[in-house]
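Secondary and tertiary structure notes
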Amino acid sequence: MNFEGLDPGLAEYAPAMHSALDPVLDAHLNPSLLQNVELDPEGVALEALPVQESVHIMEGVYSELHSVVAEVGVPVSVSHFDLHEEMLWVGSHGGHATSFFGPALERYSSFQVNGSDDIRQIQSLENGILFLTKNNLKYMARGGLIIFDYLLDENEDMHSLLLTDSSTLLVGGLQNHILEIDLNTVQETQKYAVETPGVTIMRQTNRFFFCGHTSGKVSLRDLRTFKVEHEFDAFSGSLSDFDVHGNLLAACGFSSRLTGLACDRFLKVYDLRMMRAITPLQVHVDPAFLRFIPTYTSRLAIISQSGQCQFCEPTGLANPADIFHVNPVGPLLMTFDVSASKQALAFGDSEGCVHLWTDSPEPSFNPYSRETEFALPCLVDSLPPLDWSQDLLPLSLIPVPLTTDTLLSDWPAANSAPAPRRAPPVDAEILRTMKKVGFIGYAPNPRTRLRNQIPYRLKESDSEFDSFSQVTESPVGREEEPHLHMVSKKYRKVTIKYSKLGLEDFDFKHYNKTLFAGLEPHIPNAYCNCMIQVLYFLEPVRCLIQNHLCQKEFCLACELGFLFHMLDLSRGDPCQGNNFLRAFRTIPEASALGLILADSDEASGKGNLARLIQRWNRFILTQLHQDMQELEIPQAYRGAGGSSFCSSGDSVIGQLFSCEMENCSLCRCGSETVRASSTLLFTLSYPDGSKSDKTGKNYDFAQVLKRSICLDQNTQAWCDTCEKYQPTIQTRNIRHLPDILVINCEVNSSKEADFWRMQAEVAFKMAVKKHGGEISKNKEFALADWKELGSPEGVLVCPSIEELKNVWLPFSIRMKMTKNKGLDVCNWTDGDEMQWGPARAEEEHGVCVYDLMATVVHILDSRTGGSLVAHIKVGETYHQRKEGVTHQQWYLFNDFLIEPIDKHEAVQFDMNWKVPAILYYVKRNLNSRYNLNIKNPIEASVLLAEASLARKQRKTHTTFIPLMLNEMPQIGDLVGLDAEFVTLNEEEAELRSDGTKSTIKPSQMSVARITCVRGQGPNEGIPFIDDYISTQEQVVDYLTQYSGIKPGDLDAKISSKHLTTLKSTYLKLRFLIDIGVKFVGHGLQKDFRVINLMVPKDQVLDTVYLFHMPRKRMISLRFLAWYFLDLKIQGETHDSIEDARTALQLYRKYLELSKNGTEPESFHKVLKGLYEKGRKMDWKVPEPEGQTSPKNAAVFSSVLAL
């Protein structure tokens, strides 16, 4: 450096920096590192690395502060100052990463990143560090744990990466493309083609991406499209390094000479305002690295590989006196980096050493660094053992930290107040049975709690079930997330995270990698999603429901059939049961049974979900049974539903689920009353909780099930002979076995939970004893064992210990009717089947074998109020339709999360967090007993004229002409569609501290108007459907400005519109979808979502996407109509007829401009002109007296000529 003109006290400073240092080994280094290591005899000895303590660091002048060895003898390939903590990261050619803490360069962590390739770039993030090697991108925690490991194509040769925002990364190399990777999903989202291959350096400003190529060029690219905006041909040979600051770009590299490539001592400097080169800067070193170090001025640091460093201004002259020397141990400097604070420089050399140069004695790497976490030292081995049996042992031997602060135990009494815990409420059973004598109440002890012990709840929000299901409270973090330490992640309640785009950018595929459809949970009363999935995967029920169609406006069977149709069409995308739950809320019986939850109760989890879903199970079976008994089917709705399944007074639901029972009541006088009844499901009745039961008595599930079906109990009942209530013996016998056995578990208190837990423990001990030493500790098998399992002669493999834990439920049960009206029930295993032969052969003797098909469980979580999930055994027919394969597999259905599971997981119930609620057993070969053909019950007559619900409508108010018989749409016909909506519930959102809005729950919309116009023929553009949808729910916002719907339009008493029911219009759209028409509209994705329709993608022609360029904004229908059609629409309000017609005209214009899709390049130019015009107009249509449509302009006419 140039010391002239500085303080005379610095005279002794410069020589000290370059003189040989005393050969003393750094105390922080292990002497064993230097064994068998040969260093360059002409270079500086490794012992000379430490800086003498007498060296004085002057403020504002860069000088060496510390040197350390990262990896002896292995060249350093990259260095990087951490942007979040006071750390320096170093990567080696051997694929090893090392981090150093603080200016003293104390070793923090060291780990292997890649076993064969060198580390080429390092980037620090908030939660970890990104390492780039040749064809691998690895994200690791600062301690060395792998967060993700993304393997690129083996043909890739990556050299550079650039973090464009917190979750997006660009990766480039010697190939002719650059990859864009989403760090949240760890997936490649985009691949940009590069005209000049070999991108080795990337930088970014608020205007451009800068890409440095091996050919010596620097290209400037657009931040949104990544298109080349400008290109600088800097060097004829190759590019070494470049940097950007403000409006200046400086580059160094190699030029071509006769003898080959030579290092060019002229730095190329470019002005980014004028996009031209300015006077090159001649330097006095061979530049290999350069960085802008803007402190007071925009000065440049130019580094050569031999260790020379020169500072100069990019627009001035380089002074040879402004050169200082780095003393590398090896012959070459391999890497260089500057800290974010510009106070520190880091150099790495070819012998594995790192040199830190700073401009102050106590530098900081970042302006604002967070604290670094350090591993706590283990003090156990250094402490003497203490014998607690010695009474005189002094407690002072226990080491405690020495502190001068006030201890927490010295809390002053003035700052505290006694707060005794409140007494728990009296048991409801005691209050119910209590009798008062004066002011004293007497009641029998319900024995729900231990004697002289009162449990206290530590949290007011604990649910009723938590009193017996929670594990023992721990003082460490249990209050914040109870149960979370034991509940598997896939069982926790899933929620949708909304962004400003709504659901469009939510990654549902992350939760569901199958082709089956999940159900969205944000709709009110969506707790029944798991039961809807269970009913759907019962093949006879699915076919029966889809064949049903009736005239009732709110028919659960019809709405469930529509929902099943959506589940059939979906290829992994989630569906929503809006219309089904809307009909469910209108049924009085559902409200009377308490099945309709308020939004506040559902969000806070106040309702007991286990009881709720069991009541819902009984209700839905009863309701479907009643709906199927409706025999009066109108002509317009008549289809396969009445003929193929239901021809008598009993419904097929009754045939599937109903069980005929014989109830006998015997009075003490000897009189006996017998009556017949039927039930659709059974409720488990557990043995009495006597003392003998608590000793571990074994009950088979079959015994408890038989006890529940054939009840035998004593109760008070009316006797006609005695003419009064008498103690009677009530018995129930079964006459006929159902095809589907439905069981409500009724685990609603600690007594039932303890019974399940105790029986599971007994069954586990018996299974371990039965298998003996053959039982395995894990689920790993040899390849030969798997082959045996897949062969018909394969032997049974013993289950593992994990598979036997918490299991009491059998996969199959065998039931047989005896001659004396009795019932035999036993657990049925695969071994029994091999012994007795196929179960079907025994059906002639009244024997039925039932296989477990589904279990619905209640997941306990006091944070969210719990949730309901289902384990379902999906049959071969479903896999054949969705995946084209025939096999059976158990799946977990947790709303929109679907994941395959092991079959033992379906019967394992850890009563601390996973409680059984409903069981479904299905008779073997059930599908062969029923007609499983689905015939679409919707006929063309639904499109014919129908009467309006509105009383005041006149023919003069008609806005559409219904289709005639000769106009019935055919496959491929065009139909213009538009829909308008009203708001039922406002959006729930919160404002974050940074000013952004976070959507907690989206607004609930309801369709208010649906319009369909003819897309071809002599009446093209004339609507044939213009239905206003009557609603019984309260509307909070009619959105008149955007929908054109006014208060009163949806009221049958005062409306003058053509008012219909949602079901009537839904059937019209369903018929159009099934016939194969193509819908043309603007923003149809949202329309179909709110209407609750699943439309195949090849039947949707959305002008939003037809006139859209990737990574650009969506364009409104109003602007498109003005630009292309010279139409001014949507002036004061919206009209769905006008919007549907405009969308059809835009589609015709699209076919005209793109030549029916055959000339995409010419149409791309049209879109480019559209976006340029939109940016100039700020996407606003001019007023009538203002600018005219560009259709008449010369620019637009030239575009049309393409």
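- By the naming in an unreviewed UniProt entry, the protein is PAN2-PAN3 deadenylation complex catalytic subunit PAN2, taken from Gorilla gorilla gorilla.
- Under the UniProt heading Catalytic activity (unreviewed entry), the note attached to the protein is "Exonucleolytic cleavage of poly(A) to 5'-AMP."

1. Looking at the packing of aromatic side chains
- A complete count under the given rule lists 51 aromatic pairs for this structure.
- Seen from their ring centres, Tyr 491 and Trp 913 are 5.4 Å apart, and the 70 degrees between their planes marks the pair as edge-to-face. Pair noted here: Tyr 491 is in the loop between helix H3 (466–469) and helix H4 (529–536) and Trp 913 is in the loop between strand E44 (897–900) and strand E45 (914–923), with a separation of 422 residues, a long-range link. In this pair, the class of Tyr 491 matches that of Trp 913, namely buried.
- Ring-pair connections join several aromatic residues into one group, and the members of that group are Phe 1107, Phe 1119, Trp 1122, Tyr 1123, Phe 1124, Tyr 1147, Tyr 1150, Phe 1163, Tyr 1171 and Trp 1179.
- Its end group placed over the ring of Phe 235, Lys 268 keeps NZ or CZ at 4.8 Å from the ring centre.
- If you follow Lys 1112 out to its NZ or CZ, it ends over the ring of Tyr 1171, 6.0 Å from the centre.

2. Focus: the pairing of strand E39 (residues 812–817)
- Bridge count between E39 and strand E40 (residues 823–828): six bridges; the pairing is antiparallel. By the bridge assignment for E40, Ser 812 is matched with Trp 828.
- Between E39 and E40, which pair antiparallel in sequence order, lie five residues; one of them, Lys 821, sits at a positive phi of approximately 65 degrees.
- As paired elements, E39 and strand E41 (residues 847–859) share five bridges and run antiparallel to each other. Bridge pairing in E41 links Lys 816 to Val 847.

3. Topic: the environment of Gly 594
- By the element assignment, Gly 594 lies in the loop between helix H8 (588–592) and helix H9 (599–604).
- For Gly 594, a relative accessible area of 33% translates into the label partly exposed.
- When neighbours within four sequence positions are excluded, Gly 594 is seen to be in contact with Leu 612 and Arg 615.

4. A word on the side chain of Ser 341
- With respect to the helices and strands, the residue Ser 341 is situated in the loop between strand E28 (333–338) and strand E29 (344–349).
- Exposure remark for Ser 341: the relative accessible area of 17% places this residue in the buried category.
- Discounting residues that sit within four places of it in the chain, Ser 341 has contacts with Ser 364, Phe 365, Asn 366 and Pro 367.

5. What about H4?
- Along H4, eight of the eight residues are buried, which leaves the element largely enclosed by surrounding structure.
- Buried within H4 we find Asn 529, Cys 530, Met 531, Ile 532, Gln 533, Val 534, Leu 535 and Tyr 536.

6. Describing the packing of helix H22 (residues 1117–1125) against helix H24 (residues 1160–1177)
- For the pair H22 and H24, the least separation of the axes is 12 Å and the interaxial angle reads 115 degrees. The interaxial crossing formed by H22 with H24 has right-handed handedness. When H22 is examined against H24, the residues Phe 1119, Leu 1120, Trp 1122, Tyr 1123 and Phe 1124 are found in contact with a partner set consisting of Val 1166, Gly 1169, Leu 1170, Lys 1173, Gly 1174 and Met 1177.
- For the contact of H22 with H24, a count of residues per class yields eight nonpolar, two polar and one charged.

7. Focus on the UniProt feature "binding site: a divalent metal cation" (unreviewed entry) in the protein
- Residues annotated by UniProt as "binding site: a divalent metal cation" (unreviewed entry) correspond here to Asp 978, Glu 980, Asp 1087 and Asp 1139. A compact arrangement is adopted by the annotated residues: their sequence extent is 162 residues, whereas the largest C-alpha distance between any two is 12.9 Å.
- Relative to the helices and strands, Asp 1087 is located in helix H20 (residues 1084–1091).
- Excluding anything up to four places from it in sequence, Asp 1087 contacts Asp 978, Ala 979, Phe 981 and His 1082.
- For Asp 1139, the position within the fold is in helix H23 (residues 1136–1153).
- Residue classification places Asp 1139 among the buried positions, given a relative accessible area of 4%.
- The contacts of Asp 1139, once residues within four sequence positions are left out, are Asp 978, Glu 980, Leu 1117, Ile 1129, Gln 1130 and His 1134.

8. Considerations on a nonpolar patch on the surface
- Residues Trp 388, Leu 395, Ile 398 and Val 400 make up a contiguous nonpolar surface patch of about 470 Å² in total accessible area.
- For Trp 388, the position within the fold is in the loop between strand E30 (353–358) and helix H2 (428–433).

Definitions and limits used
Residues numbered from 1 in each chain as written. Predicted model: local features only at pLDDT ≥ 70, side-chain atom pairs only at ≥ 80, totals over all residues. Heavy atoms only, no water. UniProt positions renumbered as here; feature names shortened; annotations may be inferred. Phe/Tyr/Trp six-rings, centres within 6.5 Å; stacked < 30°, edge-to-face > 60°. Helix = DSSP H or I, 4+ residues; strand = E, 2+ residues; numbered from the N terminus. Buried < 20%, exposed > 50% of the residue type's maximum accessible area, 1.4 Å probe, protein only. Lys NZ or Arg CZ within 6 Å of the ring centre and 35° of its normal. Pairing = 2+ DSSP bridges. Contact = heavy atoms within 4.5 Å. Axes fitted to C-alpha atoms, helices over the stretch in contact; angles between N-to-C directions. Left-handed = near helix turned anticlockwise from the far one by under 90°. Nonpolar A, V, L, I, M, F, W, Y, C, P; charged D, E, K, R; others polar. Patch = residues over 30% accessible without salt bridge, like charges linked within 9 Å, V, L, I, M, F, W, Y side chains within 5 Å. Areas by Shrake-Rupley, 256 points an atom, 1.4 Å probe, with all protein chains shown as cover. Salt bridge = Lys/Arg side-chain N within 4 Å of Asp/Glu carboxyl O.

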